[in-house]
Amino acid sequence: QVQLVESGGGLVQPGGSLRLSCAASGRIFSINTMIWYRQAPGKERELVARITSGGSTNYADSVKGRFTVSRDNAKNTVYLQMNSLVPEDTAVYYCNGFVQSDSTSGTLRSYWGQGTQVTVSS
């Protein structure tokens, strides 16, 4: 089994910064793409940022230039650096990872973290 655990959320004032982490543990041979999503109250879950195993990234238009996704493959961890936060960034942030657990099979399985709350408010 594989577990993803997010951390780093909290309350921050508009214009502030937070750095989220998502650490994967368990039966891991390799991790392919890792994705950050968020879900605000009353809204659908939306993709925020994505990073491939090779380090290619893409972002939602609403966060481009403010958020940066990165990963440390040795630590099986993905990060989301969030700068210039605005109240509209308030949401529960989730990480999603595609994990290969078996070195002999190329099968990837999707795992989710439990989410971490980010609140941007003065």
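Each remark here, short or long, concerns the structure printed above.
Quantities reported herein were computed from a predicted structural model and do not represent experimental measurements. (Residues numbered from 1 in each chain as written. Predicted model: local features only at pLDDT ≥ 70, side-chain atom pairs only at ≥ 80, totals over all residues. Heavy atoms only, no water.)

Q: Teacher, can you tell me more about the overall build of the protein here?
A: When you go through the protein residue by residue, the secondary structure sums to 0 helices and 11 strands. In the protein, the order of α-helices and β-strands from amino to carboxyl end is β-β-β-β-β-β-β-β-β-β-β. At 14 Å, the protein has a C-alpha radius of gyration in line with the 14 Å of a compact globule built from 122 residues. In terms of overall dimensions, the protein has a C-alpha envelope of 50 × 25 × 25 Å along the principal axes. With the model as given, the accessible surface of the protein reaches about 6300 Å², and the carbon-plus-sulfur share is 46%. (Helix = DSSP H or I, 4+ residues; strand = E, 2+ residues; numbered from the N terminus. Rg over C-alpha atoms; globule rule 2.2 N^0.38 Å. Areas by Shrake-Rupley, 256 points an atom, 1.4 Å probe, with all protein chains shown as cover.)

Q: It is not clear to me how the sheet that holds strand E7 (residues 67–72) should be interpreted in this structure. Could you clarify?
A: Backbone hydrogen bonds hold the strands of a sheet together, and the pairing may be parallel or antiparallel. Overall, antiparallel pairing links the 4 strands, which are arranged E1-E3-E8-E7 in an open sheet. Only two strands of the sheet have a single partner each, and these edge strands are strand E1 (2–7) and E7. Strand-to-strand twist in this sheet, taken as the mean axis angle between neighbours without regard to direction, amounts to 15 degrees. The pairing of strand E3 (residues 18–26) with strand E8 (residues 77–82) spans 6 bridges and is antiparallel. Residue pairing for E8: Ala23 is matched across the bridge by Thr77. (Pairing = 2+ DSSP bridges. Axes fitted to C-alpha atoms, helices over the stretch in contact; angles between N-to-C directions.)

Q: Help me understand the packing of aromatic side chains in this model?
A: Aromatic ring pairs: the centre-centre distance and the angle between the two ring planes describe each pair. Tallied over the full model, the rule gives 1 aromatic pair. With a centroid separation of 5.0 Å and an interplanar angle of 40 degrees, the aromatic rings of Tyr37 and Trp112 are classed as tilted. Pair noted here: Tyr37 is in strand E4 (residues 30–39) and Trp112 is in strand E10 (residues 109–112), with a separation of 75 residues, a long-range link. Given a relative accessible area of 18%, Tyr37 falls into the buried group. The aromatic ring of Tyr79 is capped on one face by Arg19, whose charged end is 4.0 Å from the ring centroid. The lysine or arginine in question, Arg45, covers the ring of Trp112, its NZ or CZ lying 4.8 Å from the ring centre. (Phe/Tyr/Trp six-rings, centres within 6.5 Å; stacked < 30°, edge-to-face > 60°. Buried < 20%, exposed > 50% of the residue type's maximum accessible area, 1.4 Å probe, protein only. Lys NZ or Arg CZ within 6 Å of the ring centre and 35° of its normal.)

Q: Whenever I open this one, unusual backbone geometry confuses me. Can you help?
A: Glycine aside, negative phi is the norm for most residues, and most peptide bonds take the trans geometry. Unlike most non-glycine residues, Asn76 shows phi in positive territory, near 50 degrees. Considering the arrangement of structural elements, one finds Asn76 in the loop between E7 and E8. Relative accessible area serves as the criterion here: at 23%, Asn76 is assigned to the partly exposed category. A positive phi angle is found at Ser84, which is not glycine, with a value near 50 degrees.

Q: Explain the pattern of salt bridges to me, please; I cannot follow it from the model alone.
A: Pairing is possible between side chains of opposite charge, provided their charged atoms come close. For the structure shown, the criterion picks out 4 salt bridges. In this structure, the salt-bridge partner of Arg38 is Asp89, at a minimum N-O distance of 2.9 Å. You can see Arg38 sitting in strand E4 and its partner Asp89 sitting in the loop between E8 and strand E9 (91–100), a full 51 residues away along the chain. Taking the relative accessible area as the measure of exposure, Asp89 reaches 1% and is therefore buried. (Salt bridge = Lys/Arg side-chain N within 4 Å of Asp/Glu carboxyl O.)

Q: Is there a simple way to think about the layout of surface pockets in this case?
A: To find the voids left in a structure, one rolls a probe of water-molecule size over its atoms. The space that makes up the largest pocket amounts to roughly 190 Å³. Every residue along the wall of the largest pocket is listed here: Gln1, Val2, Arg27, Val99, Ser101, Asp102, Ser105, Thr107, Arg109 and Tyr111. By residue class, the composition of the lining of the largest pocket is 3 nonpolar, 4 polar and 3 charged. (1 Å grid on protein atoms, 1.4 Å probe; cavity = no way out; pocket = protein on both sides within 12 Å on 5 of 7 lines; lining within 4 Å. Points joined across faces, edges and corners; volume = space filled by probe spheres on them. Nonpolar A, V, L, I, M, F, W, Y, C, P; charged D, E, K, R; others polar.)

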